Amino acid sequence: MQEPNDRRKSRRRFLAGAAGIAAAAPLKALADNLQNQPPNVPEWTHTLGDGVGVRPYGTPSKYEKGVVRRTVPWLTATPESSVSFTPLHALEGIITPNGVCFERHHSGVAEIDPADHRLMLHGLVDKPLIFTLGDIERFPRVNKIYFLECAANTGMEWRGAQLNGCQYTHGMVHCVQYTGVPLKTLLNEAGLKPNAKWILAEGADAAAMTRSIPLDKALDDCLVAYRMNGERLRPENGYPLRLVVPGWEGNVWIKWLRRIKIGDEPWFTREETSKYTDLLENGKARQFTWVMDAKSVITSPSPQTGPVQKGFTGLSGLAWSGRGKIDRVDVSLDGGRNWRTARIDGPIFDKACVRFYYEFDWNGDALLLQSRAMDETGYVQPSKSELRKIRGVNSIYHNNGIQTWHLKPDGEVENVEMG
Amino acid sequence: MSRWVSALALVAYVCAPASAQERHYNIGLAATPQQISGWDIDIRPDGVGAPPGQGSVKQGEDIYMNQCAACHGEFGESAGRWPQLAQGKGTLASNDPVKTVGSYFPYLSSVFDYIRRAMPFGNAQSLSNDELYAVTAYVLNLNDIVDDKFVLSKQTWQQVKMPNAGGFYDDDRQTTEKRFWNKNPCMKDCVPPVKIIGRARAIDVTPDEKTQRGVE
């Protein structure tokens, strides 16, 4: 660990550099070393820096080392079957950098030699097939930007505000551009039998993760992807092949994809029965709740971003919907009593994250910040109490209720529950 | 003649798979039955896919104690935060639901298929078919689903009655949550003045940098 003084210093730098518009610290907080400030000429202006090739694969500045995936160690028995969270509070725009995309593994990261990887298609097909990675890459390619959200994102907040950070409350989501082949193309290559109704997708990891998907969805917009944001999938995200199931819960996006079986009924695997089913108050559970409902969160300011300054202030946030495009995002400064429409900046893609902003002059009074997303189907992100009225508090999965951040007069932000 | 042609066209249209319009690329090799057999391990609730073999509760007890009990507990009660396998009956509608093989899993296949593909944790797909039947029988016995003398096999598969088989229904959000679709959501004076009733800070379970996994 760093010494406390170093930690304070790097925290100030972090706040100034990485945490978004609302967290911009005043200039005096940046004055760590007056030698580098005007009228002095800093050392880096006198001396040569590293030449090219020193960093063959570049990484962020050493001053950005706080922008990393983080874990909640008490949450799970072991890191191999666990989750790490995207640092949403420190990111902007709609694309998540590959190195900080959240992870959810059930038996650790499979380290697969791509030369040995095979994808098998069999079951109710005319011609069972085996593809190499090279085979898959020969098919016509498509590029699509989609969000991927774990069904359990925000799952720790069902009973009330628990984790004090956007990274932990909402960080099981990321949004990247995938390159791959439509699953429909591969299924067509094998030839579907008339009674084909479902597919089973299976991973090559030590969990052999397995989920049933209706054929309609498989033929609609699913991809077999091998790249994210231009480069190969990261091992954590399913290298060398993963299934992309736009708008649906992350667990069905099978990583390290090795097999697709075509059948006439679902398989009711452990992951779609004892896990990833939504237990309601009456003790019955919803199954096959694949679609991720519209959701949004203000990423900055949020508890991890640090003090907000009085005066001109901007809120920055993310919104997404598994049902289609985001149509609108509203924000509230008074805990959901009054709403005003936020400004969306950047592209709006089907089943992808959008970035929204709301700017105002803050007089230093306490505020209760909220955002609510609306999608093109007319779905409006509900409040947490509206959601609990229907679902109770035991469902773990699919918590898309409106998040409240309490902006206090001292500029700090905390995760609170409204009543 | 023209009627015959159009009838034929209709048949072709109805029978054509949804993706028929796309060309074939002749990429990939035929998967042989032998290749498929090594990976085709999934099992459906009706037992389709269950391998040959059998195992008794008694045989399963030895396997369980050696390979499962360290995490799942001698009685399926779980050690630490590992998944609990037994007990929990009658808790699903309570404030503290306990989801186990006996209280929650709807099908025998959901248990057997999972053990077959993913257990023991860290040594997956290492049990023989007979061992799989035996250890599954023992887990069922821990949940009082089968008696001490039970022998599980493809033949006795349908005798196993899972207590929560009727506990699930398909996603109905489009009807039960219809109120969430609203083209004109309220913008002004939508709720009475609200107040803070809970704070994450009060619970104090947010990790700090010292507790991060993989951080020195």
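Residues numbered from 1 in each chain as written. Chains lettered and ligands numbered in written order. Predicted model: local features only at pLDDT ≥ 70, side-chain atom pairs only at ≥ 80, totals over all residues.

### Examining the overall build of chain A
Then, in step 1: Looking only at helices and strands, chain A features seven helices and 24 strands.
Then, in step 2: Compactness check: chain A gives a C-alpha radius of gyration of 23 Å against a globular reference of 22 Å for 419 residues, within 12% of the reference.
Then, in step 3: Taken along the three principal axes of its C-alpha coordinates, chain A extends 75 × 60 × 40 Å.
Then, in step 4: Taking all 419 residues of chain A together, 54% fall into the buried category.
Then, in step 5: Sequence separation of 24 or more characterises 72% of the internal contacts of chain A that already satisfy a separation of 6 or more. (Helix = DSSP H or I, 4+ residues; strand = E, 2+ residues; numbered from the N terminus. Rg over C-alpha atoms; globule rule 2.2 N^0.38 Å. Buried ≥ 20, exposed ≤ 12 C-beta atoms within 10 Å, placed from the backbone. Contact = placed C-beta atoms within 7 Å.)

### Things to note about the overall build of chain B
Then, in step 1: Looking only at helices and strands, chain B features eight helices and five strands.
Then, in step 2: Taken across its 216 residues, chain B has 30% of its residues classed as buried.
Then, in step 3: Considering only intrachain contacts with a sequence separation of at least 6, the fraction spanning at least 24 residues in chain B is 57%.

### Some points on the sheet that holds strand β2 (residues 82–85) of chain A
All names here are of chain A.
Then, in step 1: Spatial ordering of the open sheet is given by β1-β2-β3, a layout of three strands whose pairing is antiparallel. The two strands at the open ends of the sheet, each matched to only one other strand, are β1 (70–71) and β3 (103–105).
Then, in step 2: In this structure, β1 lies alongside β2, joined through two bridges in antiparallel fashion. Its bridge partner being in β2, Thr71 is matched across the sheet by Ser84. (Pairing = 2+ DSSP bridges.)

### With respect to the domain arrangement of chain A
Residues and elements named next belong to chain A.
Then, in step 1: According to the domain assignment, chain A contains domain 1 (101–286) and domain 2 (295–415).
Then, in step 2: The C-alpha-based centres of domain 1 and domain 2 are spaced at 28 Å.
Then, in step 3: Counting from both sides, the interface comprises 28 residues of domain 1 and, opposite them, 24 residues of domain 2.
Then, in step 4: Of all elements in the fold, only β6 (142–149), α4 (166–170), β7 (173–182) and β14 (278–279) reach the threshold of two or more residues within the side of domain 1 that touches domain 2. (Domains from an automatic or database assignment.)

### Quick look at the interface of chain A and chain B
Then, in step 1: Each partner contributes to the interface: chain A provides 80 residues, whereas chain B provides 73 residues.
Then, in step 2: Where the side of chain A that touches chain B is concerned, the elements lending two or more residues are β1, β4 (119–123), β5 (129–131), α3 (133–138), α5 (183–190), β13 (257–263), β15 (285–287) and β24 (413–418) of chain A.
Then, in step 3: Grouping the constituent residues of the side of chain A that touches chain B by class yields 36 nonpolar, 28 polar and 16 charged.
Then, in step 4: Pairing of β24 of chain A with strand β5 (residues 196–199) of chain B, which is carried by three bridges, proceeds in the antiparallel orientation. Within the sheet, the bridge partner assigned to Met418 of chain A lies in β5 of chain B and is Ile196 of chain B. (Nonpolar A, V, L, I, M, F, W, Y, C, P; charged D, E, K, R; others polar.)

### Points about the environment of Cys101 of chain A
Residues and elements named next belong to chain A.
Then, in step 1: Locating Cys101 in the fold gives a position in the loop between β2 and β3.
Then, in step 2: Sequence-wise, Cys101 and Asn338 are 237 residues apart; in three dimensions their C-alpha atoms are separated by 34 Å.
Then, in step 3: Discounting residues that sit within four places of it in the chain, Cys101 has contacts with Thr86, Thr96, His174, Val176 and Asn237.

### Regarding helix α6 (residues 129–142) of chain B
All names here are of chain B.
Then, in step 1: Relative to the 20 Å expected for 14 residues at 1.5 Å per residue, α6 spans 20 Å between its end C-alpha atoms, a close match to the ideal helical length.
Then, in step 2: The element α6 is largely enclosed, with a buried count of 11 among its 14 residues.
Then, in step 3: The secondary structure elements touched by the buried residues of α6 are β2 (54–56), α3 (57–67), α5 (108–118) and β3 (151–153).
Then, in step 4: Count one or two residues on from α6 and you reach Asp144, which has phi positive near 60°. (Expected span 1.5 Å × (residues − 1).)

### Details of helix α7 (residues 384–391) of chain A
An α-helical turn contains 3.6 residues, so any two residues separated by three or four positions project in the same direction.
Residue and element names in this part refer to chain A.
Then, in step 1: Looking at α7, one finds that the buried residues are Lys384, Leu387 and Arg391. Seen along its axis, α7 keeps its buried residues to an arc of 65°; they face one direction.
Then, in step 2: Structurally, α7 contributes buried residues whose contacts are with β14.
Then, in step 3: Positive backbone phi, approximately 70°, marks Gly392, located one or two places after α7. (Arc of directions from axis to C-beta.)

### A few points about unusual backbone geometry
All names here are of chain A.
Then, in step 1: In this chain, Pro38 is followed by Pro39 through a cis amide linkage whose omega measures 10°.
Then, in step 2: Geometrically, the link from Ser300 to Pro301 is a cis peptide bond, its omega value of 0° lying close to zero.
Then, in step 3: Along the chain, Pro301 falls in the loop between β16 (295–300) and β17 (311–320).
Then, in step 4: One non-glycine residue, Ala208, lies in the positive phi region at around 40°.
Then, in step 5: Secondary-structure assignment places Ala208 in the loop between β8 (198–203) and β9 (210–214).
Then, in step 6: Residue classification places Ala208 among the buried positions, given that 26 C-beta atoms sit within 10 Å.

### Concerning the packing of α5 of chain B against α6 of chain B
Residue and element names in this part refer to chain B.
Then, in step 1: Running from N to C, α5 and α6 point in directions that differ by 130°, and their axes come no closer than 10 Å. Accordingly, the angle class assigned to the pair α5 and α6 is oblique. Once α5 is placed against α6, the crossing between them reads as right-handed. Of the residues in α6, those touching α5 at Val111, Phe112, Ile115 and Arg116 are Leu132, Val135, Thr136 and Val139. (Axes fitted to C-alpha atoms, helices over the stretch in contact; angles between N-to-C directions. Parallel < 35°, antiparallel > 145°, perpendicular 65-115°, else oblique. Left-handed = near helix turned anticlockwise from the far one by under 90°.)

### Regarding the sheet that holds β24 of chain A
Then, in step 1: The six strands are arranged β19(A)-β18(A)-β22(A)-β23(A)-β24(A)-β5(B) in an open sheet whose pairing can be described as antiparallel. Whereas interior strands pair on both sides, the edge strands pair on one side only; in this sheet they are β19 (340–341) of chain A together with β5 of chain B.
Then, in step 2: Bridge count for strand β22 (residues 367–375) of chain A against strand β23 (residues 405–407) of chain A is three bridges, and the pairing is antiparallel. Residue pairing in the sheet places Leu367 of chain A in a bridge with Leu407 of chain A of β23 of chain A.

### Digging into the pairing of β2 of chain A
Then, in step 1: With three bridges connecting them, β2 of chain A and β3 of chain A associate as antiparallel partners. Bridge pairing in β3 of chain A places Val83 of chain A opposite Arg104 of chain A.

### Comments concerning the packing of α3 of chain B against α6 of chain B
Residues and elements named next belong to chain B.
Then, in step 1: As a packed pair, α3 and α6 sit with axes 7 Å apart at the nearest point and diverge in direction by 95°. Overall, the two elements α3 and α6 adopt an arrangement that is roughly perpendicular. Contacts between α3 and α6 involve Val57, Gln59, Gly60, Glu61, Ile63 and Tyr64 from the former and Glu131, Ala134, Val135, Ala137, Tyr138 and Asn141 from the latter.
Then, in step 2: Across the contact of α3 with α6, the residue classes break down as seven nonpolar, three polar and two charged.

### Comments concerning the nonpolar core
Then, in step 1: Ile199, Val224, Leu243 and Val244 of chain A together with Val135 of chain B are the most contacted members of the largest nonpolar core, which totals 150 residues.
Then, in step 2: Of the residues forming this core, the biggest block, nine residues, is contributed by α6 of chain B.
Then, in step 3: Built from parts of two domains, this core gets at least three residues from each of domain 1 (101–286) and domain 2 (295–415) of chain A.
Then, in step 4: Apart from residues lying up to four places away in sequence, Leu243 of chain A is in contact with Ala201, Cys222, Val224, Trp253, Ile254 and Leu257 of chain A. (Core = buried A, V, L, I, M, F, W, Y, C linked by C-beta atoms within 7 Å.)

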